[in-house]
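Reading the structure
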Amino acid sequence: RASAAAVYWRTIDTINRQRLWMADRLDELHRTHYDFTFRKARTLAAADLAGQDRFDRLPLADGSCFKPLHRESCDFPSPVELFRQMGVRDWFAALEPRSTGRPKPYCVEKDSLILPTFTLQVIDRRPAGRRAVFDLAVPSLRAFVAGAVCVHNCIGNSGPLRPEISQAVKAGDLIGCAVLSGNRNFEGRVHPEVRMNYLASPPLVVAYALAGSMDVDLANDPLGTGRDGRPVYLKDIWPSPQDVQETVLRSIDSEMFRASYRSVFDGDRSWAGIRVPEGNLYRWDDHSTYVKNPPYFDGMTMTLPAAHDIRGARALAVLGDSVTTDHISPAGNIAKGSPAAKYLIEQGVQPADFNSYGARRGNHEVMVRGTFANIRLRNLLVPGTEGGVTLHVPSGDTLSIYDAAMRYKAERTPLLVLAGREYGTGSSRDWAAKGTLLLGVQAVIAESFERIHRSNLIGMGVLPLQFLPGENAQSLGLTGRELFDVILGGAGDGQVTVKATPASGAPVQFKARVRIDTPKEHEYFRHGGILQYVLRQLAATNRAA
């Protein structure tokens, strides 16, 4: 039933034809009244409908009329055809004898000749590429299904928790759980307020949604009670391989793919309406909040920069073990009150239009403000706190990591990060390294690195250093409040000397291993990063030509 609820929303693109007028009116209101909330704009748009006795009499953008009473005119399928497209038509077929003697699917076994009833409540709507994504509450399942034409629940893209759930999690400091069929289950991966995530196959995700609890033994406990009052177990609804194969053969054909890709390069009206400038160079729009010219090449020349020590650095963060790229990289929705949110508001963007970090990944001003901003990050410089905050050591002020980094930048103070084991474990997203560089971090000293993130740091010109075996920040007595010097000394033995000078007391001096492991990585780092390396190679080739 959860599958039927989710798949049904694949038809939302067709159903939205009935709502085009309302959507156009809402867009018009938002263009002229940026301060309107969605609720207020919807109320005003609804008032415009007063006196209209039939929706099909309202004009559309192209001047034609929509006639919802005639399915053929709007390509909306009949219920039977809709079930066939959804691949669930046979769920509701009449009983037929089976010669194989194998168990019958639950819906047929119970002689369910009608569509099971469920309530869908839209709790959020937001753009996702060409189409909208709707977050749906399914009260009868005690779960929510994110869906539309496609479903995304990676990095919180399934949308916010319902307000009452979010409030309860915060008030009770609850450890929320999720079951997902993705490929990673890091803390807060599905949603920042859902700490524990369990990987499962898609059918098991549906099974847990039906059960409505993690505190259930799916092998022995019933998922619920059928209409006849009998308990229903997972084994009752679990399809056989033959059932799956038959459903696939009935439900999927090549025309589905041809229809999807036939107009893949056409785009919608917004895409088609983009004015494309002429010329070989991209014209940056200074007013854009989505795409901005990044500063990676500012001050770059054809001459390679000389290797230099890092003197007078401060620790931007002191982190523990298993800090993932989810903790480092900007991801998910942009929280109100965050540095990124403040920046967008200053640019005239209203909270309803914040979108996500992923959508604004072309704007480094947004992304750098979201680096190390994960609400589950624990920075030992400010013990007892969670989130993207740190200590500005000279003043003793507690600030957001971005604000502290910008204050250090104004003071011309280089930065570094101290970390434990497995630093950078995770998806190895590029912004985990880009954001680190743009915050002014020149080196990361960790007990160990995840391989790809270590390489990405080098690719952005950030020096990865590793404590020697048996040593770490705690064993060396480092608090992160010291003044740090990283002395290269030629690094001929693959090690550097790090000197940490506290405000009072004797300095702590130790060796760290340089984790530049290959000749090519060394070449990238000498150039200041892979981008500078590639650009110099291209420029040299063009000169030679």
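The structure this text deals with has already been given above.
Conventions used here
Residues numbered from 1 in each chain as written. Predicted model: local features only at pLDDT ≥ 70, side-chain atom pairs only at ≥ 80, totals over all residues. Heavy atoms only, no water. Salt bridge = Lys/Arg side-chain N within 4 Å of Asp/Glu carboxyl O. Helix = DSSP H or I, 4+ residues; strand = E, 2+ residues; numbered from the N terminus. Buried < 20%, exposed > 50% of the residue type's maximum accessible area, 1.4 Å probe, protein only. Patch = residues over 30% accessible without salt bridge, like charges linked within 9 Å, V, L, I, M, F, W, Y side chains within 5 Å. Areas by Shrake-Rupley, 256 points an atom, 1.4 Å probe, with all protein chains shown as cover. Lys, Arg positive; Asp, Glu negative; His and termini not counted. Polar contact = N/O pair within 3.5 Å; in protein donor to acceptor, adjacent residues only side chain to side chain. Contact = heavy atoms within 4.5 Å. Phe/Tyr/Trp six-rings, centres within 6.5 Å; stacked < 30°, edge-to-face > 60°. Lys NZ or Arg CZ within 6 Å of the ring centre and 35° of its normal. Axes fitted to C-alpha atoms, helices over the stretch in contact; angles between N-to-C directions. Nonpolar A, V, L, I, M, F, W, Y, C, P; charged D, E, K, R; others polar. Core = buried A, V, L, I, M, F, W, Y, C linked by side-chain atoms within 4.5 Å.

1. Observations regarding the pattern of salt bridges
For the structure shown, the criterion picks out 18 salt bridges. The partner of Arg 311 in a salt bridge is Asp 309, and the shortest N-O contact between them spans 3.2 Å. A salt bridge links Arg 454 to Glu 521; its shortest N-O distance comes to 2.9 Å. With Arg 454 in helix H19 (residues 451-459) and Glu 521 in helix H20 (residues 519-526), this residue pair connects regions lying 67 residues apart in the sequence. Given a relative accessible area of 9%, Glu 521 falls into the buried group. Residues joined by salt bridges that share partners form a network here, namely Arg 454, Arg 515, Asp 517 and Glu 521.

2. Digging into a nonpolar patch on the surface
Residues Val 244, Val 248, Ile 252, Met 256, Phe 257, Tyr 261, Val 264 and Phe 265 make up a contiguous nonpolar surface patch of roughly 820 Å² in combined accessible area. Residue assignment for the nonpolar patch shows that the elements contributing at least two residues are helix H11 (241-251) and helix H12 (254-262). Among the elements that take part in the nonpolar patch, H12 stands out by supplying three residues, more than any other. As for its position among the elements, Phe 265 is in the loop between H12 and helix H13 (269-272).

3. Some thoughts on the side chain of Lys 292
Structurally, Lys 292 is set in the loop between H13 and strand S8 (310-318). No salt bridge forms around the buried Lys 292; measuring N to O, its nearest opposite-charge neighbour Asp 286 is 5.5 Å away. A distance of 3.1 Å separates the side chain of Lys 292 from the backbone oxygen of Asp 286, its partner in a polar contact. The residues contacting Lys 292, other than those within four sequence positions of it, are Trp 284, Asp 286, Tyr 343, Gly 362, Asn 363, His 364 and Glu 365.

4. Brief notes about the environment of Gly 312
Examined against the element boundaries, Gly 312 turns out to sit in strand S8. Classification of Gly 312 by relative accessible area gives partly exposed; the value is 24%. Between the alpha carbons of Gly 312 and Arg 412 there is a distance of 9.6 Å; along the sequence they are 100 residues apart.

5. Focus on the packing of aromatic side chains
Applying the stated rule across the entire model yields four aromatic pairs. When the ring of Tyr 282 is compared with that of Trp 284, the centres are 4.9 Å apart and the planes differ by 75°; the resulting orientation is edge-to-face. Sitting over the face of the ring of Tyr 233, Lys 235 holds its NZ or CZ atom 5.7 Å from the ring centroid.

6. Details of the packing of H19 against H20
Packed helices, taken two at a time, are described by the angle between their axes plus the distance between the axes. Packing of H19 against H20 brings their axes to within 8 Å, and their N-to-C directions diverge by 35°. Only Glu 521, Tyr 524 and Phe 525 of H20 make contact with H19, whose side of the interface consists of Arg 454, Ser 455 and Ile 458. Counted by class, the contact of H19 with H20 contains three nonpolar, one polar and two charged residues.

7. Some thoughts on the nonpolar core
Among the nonpolar cores identified, the biggest contains 71 residues, and Leu 319, Phe 372, Leu 416, Tyr 423, Leu 465, Leu 478 and Phe 484 are the most heavily contacted of them. In terms of residue count, the dominant contributor to this core is S8 (six residues). Tyr 423 has contacts with Leu 319, Val 323, Ile 328, Phe 372, Val 417, Val 444, Ala 446, Ser 448, Phe 449, Glu 450, His 453 and Leu 457, leaving out every residue within four places of it along the chain. Among the nonpolar cores identified, the runner-up in size contains seven residues, and Leu 210, Ala 211, Leu 223 and Leu 234 belong to it.

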